[in-house]
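Residue-level structure breakdown
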Amino acid sequence: MARKARTKKSKKVKEIQPESEEEMENEEELNESSNLLAEIDAMSDDEGDENEEWDAEAKALRQAIAEGAFDKLKNIKPFEEEDAGEEEEEEAEEEAEEKEEEEGQEEEEEEEGEAAPPQIDPAITNIKALQSVAAELANAKASLPWPEKFNVTPTIKLPFGTVGEDGLKIEIHDDLKREVVFHNLALESVHMLRSQCDADKIPFTRPVDFFAEMVKTDDHMSMVKDKLIFETKKMEAFEHRKSNREQKLRAKEKHAHRIDEKNKFKKQHMREVKDWADSAANNRAGGGRVRDNDNDYLNNMGGPNKKRQAMDRKFGHGGKNGRFKQNDKKSMNDMSGYNPKGNFSGGNKSGGSGKRKGKRARDAARK
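Model, not experiment: these values are computed from the prediction. (Residues numbered from 1 in each chain as written. Predicted model: local features only at pLDDT ≥ 70, side-chain atom pairs only at ≥ 80, totals over all residues. Heavy atoms only, no water.)

Considerations on the overall build of the chain
Of regular secondary structure, the chain possesses 12 helices and 0 strands. Seen in sequence order, the chain has helices and strands lined up from the N terminus as α-α-α-α-α-α-α-α-α-α-α-α. Taken over 367 residues, the chain has a buried fraction of 7%. When contacts within the chain are restricted to residue pairs at least 6 apart in sequence, those whose partners lie at least 24 apart make up 46%. Surface accessibility of the chain: about 34,200 Å² in total, with carbon and sulfur atoms responsible for 53%. (Helix = DSSP H or I, 4+ residues; strand = E, 2+ residues; numbered from the N terminus. Buried < 20%, exposed > 50% of the residue type's maximum accessible area, 1.4 Å probe, protein only. Contact = heavy atoms within 4.5 Å. Areas by Shrake-Rupley, 256 points an atom, 1.4 Å probe, with all protein chains shown as cover.)

The structure is reproduced here in structure tokens:
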């Protein structure tokens, strides 16, 4: 079966007719592959054992693959793919031709539409009938009295294109001047209408006791009133919140200002204290000693007042009198009553027979 399949493939390859150089090369490669297959078949016929034939064929195929006999077979397109590509190209060409024909027809239709005049319905454009109807309407309007028409034509002409009082040409595209002209025309028309209404006795002023009916109902107006009240309250609440915020800011500013003033006062006070301490240090004697002439110092400061002087004369300078327990220069250097054993000369500690004197007696003895 394998031999028959190979022979059929070789026949199909031979039936292909070459059309180009690439196809010729592909055909030669196919012939080489067919010759290799024929050699494999001859080798298989010579051998009797099927296993040996298969081994020989496998070796020959491996050798052919190693030599690269089947590498160029990948570039060969199948017949079905070539036919499909040709059909797609033909369909694309047909579609392009159809599009060109449609574009040509559209251009011809546009040229015909530009050249041909538009078709007008004669029933709509009956000029004579329209003119007759317009004349009848004009005659009917002319026969009506003025109160039925109320038409007024002002005498002021449009000044566009002329030179104004300022020597400049009035342009129609100047919005301000154009609106002024329209205002003047309307004002003159109103004056003409008033005079005409007076001549024909047509009232145009409102009576004193005129009652104007409201266009909107009371319910609607009550809703409008409620809405206005709500809006006013809303605005008041907003203003209240705004004022509260401003008051808070001002309070913060006042507090910060008060703290700054306090700090300034504290710095000034400390500076004054330091100055006073410096002045007091300057009044001291050399070596850090205090001056003894306090009277001079007091006199330099102005001295005590009269009340203090009177109290000093009456009661003395104050303080404790009779500081008998304080040492002076003489008692500090007197070592006669010192006993190194711990007893004084005046006491009889060892015997214990003598009685201790009282406090006043001891004080008198010290003097």
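Having seen the structure, we can now continue with the description.
Quick look at the side chain of Ser 189
Note on placement: Ser 189 falls in helix H7 (residues 175-199). Discounting residues that sit within four places of it in the chain, Ser 189 has contacts with Val 152 and Pro 154.

Observations regarding the environment of Leu 158
On the secondary structure map, Leu 158 appears in the loop between helix H6 (146-149) and H7. Taking the C-alpha atoms as reference points, Leu 158 and Leu 185, 27 residues apart in sequence, are found 9.0 Å from one another. Among all residues touching Leu 158, those that are not within four sequence positions of it are Val 181 and Leu 185.

Re the packing of aromatic side chains
Applying the stated criterion to the full structure yields 1 aromatic pair. With a centroid separation of 4.8 Å and an interplanar angle of 50°, the aromatic rings of Trp 146 and Phe 150 are classed as tilted. Judged by relative accessible area, Trp 146 falls into the buried class, the value being 16%. Given a relative accessible area of 41%, Phe 150 falls into the partly exposed group. (Phe/Tyr/Trp six-rings, centres within 6.5 Å; stacked < 30°, edge-to-face > 60°.)

Looking at the pattern of salt bridges
Oppositely charged side chains can form a pair if their charged atoms are brought close together. Using the criterion set out here, one finds 3 salt bridges in the structure. Two residues, Asp 175 and Arg 178, come together in a salt bridge whose shortest N-O distance is 2.7 Å. Pair noted here: Asp 175 and Arg 178 are both in helix H7, with a separation of 3 residues, about one helical turn. For Asp 175, a relative accessible area of 48% puts it in the partly exposed group. When its relative accessible area of 21% is taken as the criterion, Arg 178 is described as partly exposed. Between Asp 312 and Arg 308 there is a salt bridge, with the nearest N and O atoms lying 3.2 Å from each other. Of this pair, Asp 312 and Arg 308 both sit in helix H10 (residues 306-315), 4 residues apart, which is roughly one turn of the helix. (Salt bridge = Lys/Arg side-chain N within 4 Å of Asp/Glu carboxyl O.)

By themselves these figures say nothing about function.
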